[in-house]
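A look at the structure
Chain residues, written in single-letter form:
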Amino acid sequence: MERGGRTTVLLQERSSGRVLPLRHLRDHQPHSSPALSWNGRYLALLVQQGGRRQAVIEDRATGRLQPLLLPMGLEPRRLSLAPDGQRLALEVIAGGGQRVELFDLSGLLEPDLAPGQRQSGGGEGALQP
Amino acid sequence: MRSHRKPLWTGGLLLTLLLQGCQGGLRPLPNLNQQLARLGSGQSPSLGSGWLALIASRDGGRPQVQLIDGQRQLPVPLPGLNRADSLPIQVSVDARGEHLAVVRQRDDRTELVLYRRSLMAVQPLAIEPAGVPRQVSLSADGRVLAVEVSRGGLWQIDLLELP
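Let me sum up the structure you'll find in this document. These numbers were taken from a predicted model, which means no experiment stands behind them. (Residues numbered from 1 in each chain as written. Chains lettered and ligands numbered in written order. Predicted model: local features only at pLDDT ≥ 70, side-chain atom pairs only at ≥ 80, totals over all residues. Heavy atoms only, no water.)

**A short note on the packing of aromatic side chains**
Centre distance and the angle of the planes are the two values used to describe a pair of aromatic rings. Tallied over the full model, the rule gives zero aromatic pairs over all chains. A cation over a ring is seen here: Arg117(B) above Trp51(B), with NZ or CZ 4.4 Å from the ring centre. (Phe/Tyr/Trp six-rings, centres within 6.5 Å; stacked < 30°, edge-to-face > 60°. Lys NZ or Arg CZ within 6 Å of the ring centre and 35° of its normal.)

**A closer look at the environment of Val56(A)**
Residues and elements named next belong to chain A. Mapped onto the elements, Val 56 comes out in strand S7 (residues 52-59). Take Val 56: its relative accessible area is 0%, and that puts it in the buried class. When the C-alpha atoms of Val 56 and Pro 34 are compared, they prove to be 9.9 Å apart, with 22 residues separating the residues in sequence. If near-sequence neighbours (up to four positions away) are discounted, Val 56 is found in contact with Leu 43, Ala 44, Leu 45, Val 47, Leu 65, Gln 66, Pro 67 and Leu 68. (Helix = DSSP H or I, 4+ residues; strand = E, 2+ residues; numbered from the N terminus. Buried < 20%, exposed > 50% of the residue type's maximum accessible area, 1.4 Å probe, protein only. Contact = heavy atoms within 4.5 Å.)

**Details of the nonpolar core**
If you look at the biggest cluster of nonpolar residues, it comprises 20 residues, and the most contacted ones within it are Ile57(A), Leu68(A), Leu79(A), Leu81(A), Leu88(A), Leu105(A) and Leu26(B). Mapped onto this core, the elements with two or more residues apiece are strand S6 (42-49), S7, strand S9 (75-81) and strand S10 (87-94) of chain A. Considering every element that reaches this core, the biggest residue donor is S10(A), with four residues. Residues within four places of Leu68(A) in sequence aside, it is in contact with Gln54(A), Ala55(A), Val56(A), Ile57(A), Leu88(A), Leu105(A), Leu108(A) and Leu26(B). (Core = buried A, V, L, I, M, F, W, Y, C linked by side-chain atoms within 4.5 Å.)

Listed below in structure tokens is the structure:
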């Protein structure tokens, strides 16, 4: 949404229409590419940090903001978070071209599992456990 | 009051970045990333549970929607979805890799379609009131679609319940 001329991510509860607070995301616009995990615990998005785009994840359960440090030379353009929050896909600009890269978040985030889903083993082949 | 918030946020972010750097940051998935590199230039990633949808084009060729099976680390066929007369702009996949929502350009107009993989069927989705779709996001359970639509110069978000 445009707020004060700045593209800002809002989180709205579908059942009530209520706009939920995002304590870390009042600034650092423009925001883009928001993605939610299964139960809405994690909100991943791109924010502006100085002259660069920065991928971050707000953990709404703990109130913690997790910046995601990319390997050198990768500029994020768009992201997608796996429903359980254990994988991240990034569209990046690197070396003048654009490509998609996948990353493991299992060391950073607890799983946000679908109702009735049990946690099981992962490995690289499982884009999501 | 407001002038104090931004430096604190920025300081917290920088500190976390430093700590994150010490932890090594994100862990790339090399085998899958090699597979993605073989598909060529990629954009518009969308993750499901064990699935990755994206738009890829090799050697400057026509972009195509691809769906990667995370277990086999290979693209799966999507018969009927990629057409010579259409250009995919954005794709979103549900958790099971059953539904793919695609915004694509065809015959000088932008359309929104839903692909059901088990049926190998493409279903156009009407946008009412009329507008031009840009971005699309399918819920993990595949039941709701959020679409960014341009109407009369305004960008709006439509929610569509899927059958």
